[in-house]
Structures are given as C-alpha cells and as structure tokens.
Amino acid sequence: MDNGQQAGNGVSKTACSVTPVPDGAVADICERFGNDKHRMLDILREVQDRFQCIAPATMDQIAEETGLTRIEVEGVASFYSFLSLQPKGRITIRLCDDIVDRYAGLEAVTAAFEDALGIKIGETSADGAVSLEYTPCIGMCDQAPAAMVNDIVLTNLTAQSAREVAEAIIAGKRPEDLVSDRFATLSPHDRAVRMVDNNIRHAGAVLLGPVPEDAGLSKAVSITSSQIISMIEESGLRGCGGAGFTTGRKWRFAAAERTERSFVICNADEGEPGTFKDRVLLTERPHLLIEGMTIAARAVGAKEGILYLRGEYVYLRELLEQVLEERRRRGLLGKAILGTKRFDFDIRIQMGAGAYICGEEGALISSCEGLPGEPKTRPPFPVNRGYLGYPTVVNNVETFCHAARILDQGAKWFHDIGTEGSHGTKLFSVCGDCLNPGIYELPYGHSVWELLEMVGGQDAAAVQVGGPSGAMIARDSFHRKLTFDDLATGGAIIVFNGQRNILEIVDYYMSFFVHESCGYCTPCRVGNVFLQKAIEKFRKGLANPEDIDYLKDLSGTIIETSRCGLGMTSPNPVLSTLANFPLVYSAMTQPSKDGIRATFDIQSAIDGARKIAKRRSYIFDRDFTQ
Ligand code: SF4
C-alpha cells in the first residue's frame with residue numbers, strides 16, 4: 001500500500017489508527033472477490049471486519065484494484081451503517097434501539113454498558129478495544145433488549161447481564177465465548193439457537209409443521225416450467241413481504257424474457273421494526289427456502305441465485321453456507337440438478353451491511369451490484385431488467401418457502417387455506433406488551449382480537465400492524481381481519497398497552513425513517529424531518545389546531561412525490577394515528593393567543609439579526625442597559 005505514510009516495519013499507517021493495514025492485504029481481499037466492482041460490498045465488509053475501518057488510503061487501493069474511482073468506493077463505504085470511515089473498536093457493541101427495546105429496559109442496559117466500559121454511546125475506548133453504539137431494529141423484538149457484539153447476538157439483556165458482558169470483554173473474552181466455551185465445536189444451527197430463541201408459538205400446516213424433504217423440487221423437475229408457473233398462479237400465492245404482488249405473474253414476466261442470463265434473488269433483508277419471521281425460517285427451514293429458490297430458477301430459466309442476508313443476521317451466514325454446500329453435495333444445487341439435463345443453478349450469499357432501505361427491491365439489487373443501496377427508477381421492472389441489467393425475480397424468504405410447499409401439496413391445497421383474495425398461511429411476528437411474543441403461523445382471515453387472545457395481549461390499547469410503514473389501530477378496529485384486503489401486513493404485529501405514549505411511538509418511528517431514508521429525494525429526506533419536528537411540537541404541547549392540517553398536508557406531499565416505498569409509507573405512523581387516535585393530538589393542541597403561535601419564540605427569531613447587526617434589541621433584550 002502506498003499512501004505516502006509507509007512505515008519502516010512493512011506496515012502502512014492510515015487514517016485508521018486502530019489496526020494498521022499490512023502491505024498487500026487489501027489487494028488480497030480484492031483478488032478473492034475477483035477484483036470485481038460488483039462485489040464491492042463484500043470487499044468493504046471484509047476490510048471493515050479485519051481493520052475496523054475503511055481508511056482513505058484503503059479506499060484508494062480498492063479503487064485501483066477494482067477499476068473504480070475513489071469517489072465511487074467512498075460512496076458505497078459511507079452508505080452502509082456497518083461500514084465506517086472512522087476507526088471502530090476491535091469489538092463493536094451495537095445496542096438495538098427499537099421502541100420495543102426501549103420499553104423493555106434499554107436505558108438501564110445502556111447505562112450498565114457505559115458504566116462498565118467507561119465510554120458513552122457513540123464512543124470508542126482509548127485503547128481501541130471496544131466501541132459502543134445504538135443501531136436500529138436488529139430483528140430480535142421478541143427477546144428485547146438485544147445487542148450485537150461483532151457477529152454475535154445477545155438477547156433478553158438486563159442491566160446485570162450487560163455489566164457481566166462488558167466485564168468479560170474487558171477481561172479479554174472473545175465475542176463467541178460469550179455464547180459458549182465450546183463455540184467452535186457446536187454446529188452452526190446450535191450456535192444460532194443458543195444466541196437467539198425461535199419462539200415458535202403456533203406452527204401452521206404450510207411452513208412450520210412437518211415438511212417432507214425436497215418433495216416440491218422433485219415435482220418441479222417432473223413438469224414443465226410453464227406448468228410450475230401455472231401452479232403458483234392457481235394457488236393464489238402473493239408476495240409475503242407486504243406489497244402482495246402475485247408471485248405467479250412475477251415469475252411469468254421473468255420467464256417471458258429471452259436472454260442469456262437471468263437471476264433469482266431472495267430478499268432476506270427484513271428490517272421493518274417488529275418483523276422477525278424470516279429470521280425463524282432462515283434458522284429452521286433453510287432447506288425449504290433454497291428449495292423454493294431452486295424451483296423459481298427452474299420456472300424462469302435462471303442459473304444464478306443470490307441470497308441477500310441482512311447484516312444483522314450475519315450470525316446465520318455459516319448455517320446457510322453449510323446448507324448450500326450440503327445441497328451441492330447432494331445434487332440439489334449445481335449442474336444437472338436431480339439429474340435433470342440443462343437444469344443448472346447455484347446460489348451465493350450476499351451480506352448486507354445495515355441499511356433498511358435495502359429491503360426495497362431496487363435498492364436490494366443495487367446493493368447486490370456493489371452500489372449504495374439506492375432504489376432504482378421504474379420502469380424497467382426487475383423482472384425485465386434487474387440485477388446487472390438481466391431479468392431478475394426477487395421474492396422474500398416466506399414466499400419462496402410457500403412456493404416449495406405448493407409444488408409439493410398442490411395449488412388447490414394452498415388456495416383452499418385462508419380467505420378469498422388472501423390464500424394460504426401467514427407468519428406473524430408478534431412482540432411488545434403481550435405475554436407470548438414470538439412467531440404464529442395462521443391462515444389469513446383471523447381478526448386482530450383473535451390474534452391478541454392467542455398472544456396474551458388482551459390489554460392492548462393500540463396495535464401496530466405491519467410495522468411503522470403499516471397502520472397503528474385502536475381498540476375499535478380490533479375486529480378487523482388480517483388479510484390483504486383489510487389489514488395488509490408483511491407480518492409485524494407490535495402490541496402497546498394503555499401505559500404507552502402514542503406520540504412517543506410516532507416520534508420514534510419518524511426518527512427511524514429519517515435515519516433510514518437514502519436521501520435521494522428531497523420530500524423524503526427533508527419532509528420526514530419536518531414531520532418529526534412537528535410531532536415534537538405536539539409532544540411538548542406547543543402545537544396549534546392548524547398543525548393537524550400541516551401534518552396531513554406534508555404527509556400527502558411526501559407520499560405523492562417520493563420515488564420509492566419508503567417515502568410512500570413513511571408518513572403512515574402520523575396518518576394512521578391521526579385517524580385512529582385523534583384525541584391524542586387534539587389534547588396536545590392549544591389555540592393561538594393574540595395571533596401569536598404558542599411555538600413562536602421571539603428571542604430565537606431575532607437572534608440572527610442581533611448577530612448580523614452586532615447589537616441588541618431595545619424592546620426584547622431584558623439586559624439591554626447592562
Ligand atoms: S423515497 Fe426516500 S428512501 Fe426512497 S428513494 Fe426517495 S429518498 Fe430514497
């Protein structure tokens with residue numbers, strides 16, 4: 001490495017003072033990924049993991065090795081929250097800052113970590129040993145408060161256990177030793193379930209009940225591609241990530257494209273606060289998922305697949321790699337699958353790096369291409385021109401698992417479960433103020449009340465259906481049905497009892513969207529900040545009745561003018577609580593007195609003029625004569 005600061009010991013000094021980067025190390029990393037610019041995220045993740053930061057000189061060298069400009073490399077490095085241009089500790093503790101974690105005791109856990117480590121949130125210890133920071137939802141809401149210690153997940157933390165973890169780290173324990181002294185000898189599955197409970201509370205007939213091995217794939221190789229798609233169409237399967245697009249149609253569009261390459265991508269980037277169902281499928285049904293992806297590949301003629309795994313689920317990578325390897329050995333992936341001529345398909349895992357927006361289809365494809373996770377303009381749609389410009393089918397984990405079961409059990413079997421328009425079962429991830437948080441696989445059509453009875457959440461005063469981008473409903477709507485046509489949801493159900501402050505929850509959700517906006521469009525980047533500021537006014541009791549109209553108008557503008565689903569749904573916490581909890585807002589407003597808004601602060605208003613004129617005000621400065 002040549003950054004003008006070569007040290008005499010063969011080790012280069014970089015802006016990252018934590019771990020100097022040895023000569024040749026960056027080139028080696030790039031070479032392992034074929035110096036391919038499309039593998040930029042993998043390259044940067046590995047540099048981050050080994051050297052605790054992406055230093056300027058390192059970016060120069062990566063740019064040289066991959067044929068990109070330094071600006072392009074920095075654009076990726078600065079986009080993802082798990083990558084850092086500043087030195088991080090050798091161990092980074094990321095505390096999940098979800099609202100559910102806050103209500104479960106995050107403040108005490110944070111205080112214990114800060115006290116024991118001697119650093120504050122956002123700081124790195126002077127010896128570079130440990131960094132402490134907050135991160136948005138890590139998908140462990142059923143066992144909050146939770147944290148990531150490098151790749152290791154810790155759940156159900158208390159002030160006491162947080163202190164013990166901090167002391168163990170100070171004493172030199174490795175993150176994996178926090179899980180087990182025999183960590184290295186445990187199977188990947190055992191490691192995963194030691195860290196994270198699956199909390200399967202109700203297993204349904206489709207996904208979490210008994211599943212015969214690869215019966216769906218065996219069926220798929222015995223029929224034509226067109227017949228596979230017809231089965232999926234007839235089953236009524238719709239995408240389970242929230243949007244609900246008809247899966248069979250998506251596959252048919254992709255199959256109709258005549259190109260030399262096409263792709264199947266699994267979106268395992270569930271990042272909506274309160275959603276953790278795919279985490280359980282990835283742990284307990286990984287073969288079913290890969291089977292579903294392989295069936296999709298046969299249906300659309302794809303030879304290459306990508307499993308995009310969210311950065312927060314890095315603890316599952318080894319388990320999934322093992323499953324892929326096993327399936328290659330058994331002839332279920334690779335060349336001539338199950339001995340079928342011209343049926344070749346294999347999958348690579350693409351790790352994310354802490355960006356919620358990458359759950360959006362276009363952003364996810366950008367991320368797979370080694371770019372910042374920014375959504376793409378449509379059309380063209382991914383089924384026509386997606387990954388690297390080729391037709392690409394993107395479905396989520398649950399959808400692929402359903403597809404495999406449909407091939408095995410038949411379209412009618414699946415179609416007959418659920419309701420008209422919402423066929424099959426749905427995995428609900430339930431958390432918050434209830435006795436039995438966890439995963440419930442239920443046919444579509446249950447009411448919110450029925451679900452609350454199952455989970456022990458009858459005291460609920462509010463339920464967030466579908467995460468922050470969904471709807472917050474009040475008790476008078478608990479009779480509504482969990483279906484695509486009534487209360488559509490990707491699966492997240494967050495229960496709030498009557499002690500919770502609705503405006504505090506809305507404030508938190510808006511801060512989440514502000515943090516996660518990719519910043520491409522102004523209405524989303526700026527509008528959500530204004531929405532959050534307006535909610536703060538309500539919380540402080542400084543709002544006027546007219547501010548309710550302001551919230552509605554601004555929300556409408558953001559929805560209409562945003563480019564992707566994040567901006568189109570980010571005002572939902574505001575709009576759904578305005579609709580369902582109007583008294584919460586009106587109780588916090590007060591009419592203007594003497595034509596002056598309660599929020600108007602004359603001192604701040606004239607402060608700029610004071611500085612420019614370099615003098616004070618006769619009228620408003622109480623200390624003018626001093
Ligand atoms: S709506 Fe928001 S997240 Fe989506 S592209 Fe625009 S700025 Fe990015």
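Per an unreviewed UniProt entry, the chain goes by the name NADH:ubiquinone oxidoreductase, NADH-binding (51 kD) subunit and belongs to Roseibium alexandrii. Its UniProt record gives the chain the following Sequence similarities (unreviewed entry) comment, quoted word for word: "Belongs to the complex I 51 kDa subunit family."

**Q** How do you make sense of the sheet that holds strand 11 (residues 346-351) when you look at a structure like this?
**A** In any sheet, the strands associate via hydrogen bonds between backbone groups, in a parallel or an antiparallel arrangement. An order of 11-10-9-12 is seen for the four strands of this open sheet, with the pairing classed as parallel. Because the sheet does not close on itself, it has two edges, and the strands there are strand 11 and strand 12 (392-396). Each strand axis lies, on average, 20 degrees off the axis of its neighbour in the sheet, ignoring direction. Pairing between strand 9 (residues 263-268) and strand 10 (residues 304-309): six bridges, direction parallel. Counterpart to Cys266 in the pairing with strand 10 is Leu307.

**Q** How do you make sense of the nonpolar core when you look at a structure like this?
**A** Across soluble globular proteins, nonpolar side chains have a tendency to be buried as a group. With 169 residues, the main nonpolar core has Ile93, Phe113, Trp251, Leu289 and Tyr585 as its most contacted residues. In this view, Ile93 contacts Phe113, Leu117, Val130, Ser131, Leu132, Glu133, Met148, Val149 and Ile169; residues no more than four positions away in its chain are not counted. Grouped together as the second largest cluster of nonpolar side chains are 18 residues, Val430, Ile473, Ile493 and Val495 included.

**Q** Looking at this structure, how should I read unusual backbone geometry?
**A** What you tend to see is this: most non-glycine residues have negative phi, and most peptide bonds are trans. In this structure, Pro145 follows Ala144 across a cis peptide bond, with omega equal to -5 degrees. Residue Pro379 is bonded to the preceding Arg378 through a cis peptide linkage, with omega at -15 degrees. In this model, Ala336 sits at a positive phi of 45 degrees, which is unusual for a non-glycine residue. Its relative accessible area of 32% is what places Ala336 among the partly exposed residues.

**Q** Please explain the side chain of Arg405 as it appears in this structure.
**A** Residue placement: Arg405 occurs in helix 16 (residues 397-409). Here Arg405 falls in the buried class, since its relative accessible area comes to 4%. With near-sequence residues (within four places) excluded, Arg405 lies in contact with Ala205, Val206, Leu207, Pro210, Val211, Pro212, Leu288, Gly410 and Trp413.

**Q** What exactly am I supposed to notice about the site of the ligand here?
**A** Near the ligand you find 13 residues, and of these Cys518, Tyr520, Cys521, Cys524 and Cys564 are the closest. Counted by class, the shell around the ligand contains eight nonpolar, four polar and one charged residues.

**Q** Explain the packing of aromatic side chains to me, please; I cannot follow it from the model alone.
**A** Two aromatic rings, taken as a pair, are described by how far apart their centres are and by the angle between their planes. On inspection of all chains with the given rule, the structure shows twelve aromatic pairs. When the ring of Trp449 is compared with that of Phe478, the centres are 5.3 Å apart and the planes differ by 85 degrees; the resulting orientation is edge-to-face. Residue Trp449 is located in helix 18 (residues 448-455), and its partner Phe478 is located in the loop between strand 18 (471-474) and strand 19 (492-497); the two are separated by 29 residues in the primary sequence. Relative accessible area serves as the criterion here: at 0%, Phe478 is assigned to the buried category. Among the aromatic residues, those joined into a ring-pair cluster are Phe263, Tyr387 and Tyr390. Directly above the aromatic system of Phe343 lies the positively charged group of Arg298, at a separation of 5.3 Å from the ring centroid. For Arg500, the ring lying beneath its charged end belongs to Tyr103, and the centroid distance is 4.1 Å.

Conventions used here
Residues numbered from 1 in each chain as written. Predicted model: local features only at pLDDT ≥ 70, side-chain atom pairs only at ≥ 80, totals over all residues. Heavy atoms only, no water. UniProt positions renumbered as here; feature names shortened; annotations may be inferred. Pairing = 2+ DSSP bridges. Helix = DSSP H or I, 4+ residues; strand = E, 2+ residues; numbered from the N terminus. Axes fitted to C-alpha atoms, helices over the stretch in contact; angles between N-to-C directions. Core = buried A, V, L, I, M, F, W, Y, C linked by side-chain atoms within 4.5 Å. Buried < 20%, exposed > 50% of the residue type's maximum accessible area, 1.4 Å probe, protein only. Contact = heavy atoms within 4.5 Å. Near = heavy atom within 4 Å. Nonpolar A, V, L, I, M, F, W, Y, C, P; charged D, E, K, R; others polar. Phe/Tyr/Trp six-rings, centres within 6.5 Å; stacked < 30°, edge-to-face > 60°. Lys NZ or Arg CZ within 6 Å of the ring centre and 35° of its normal.

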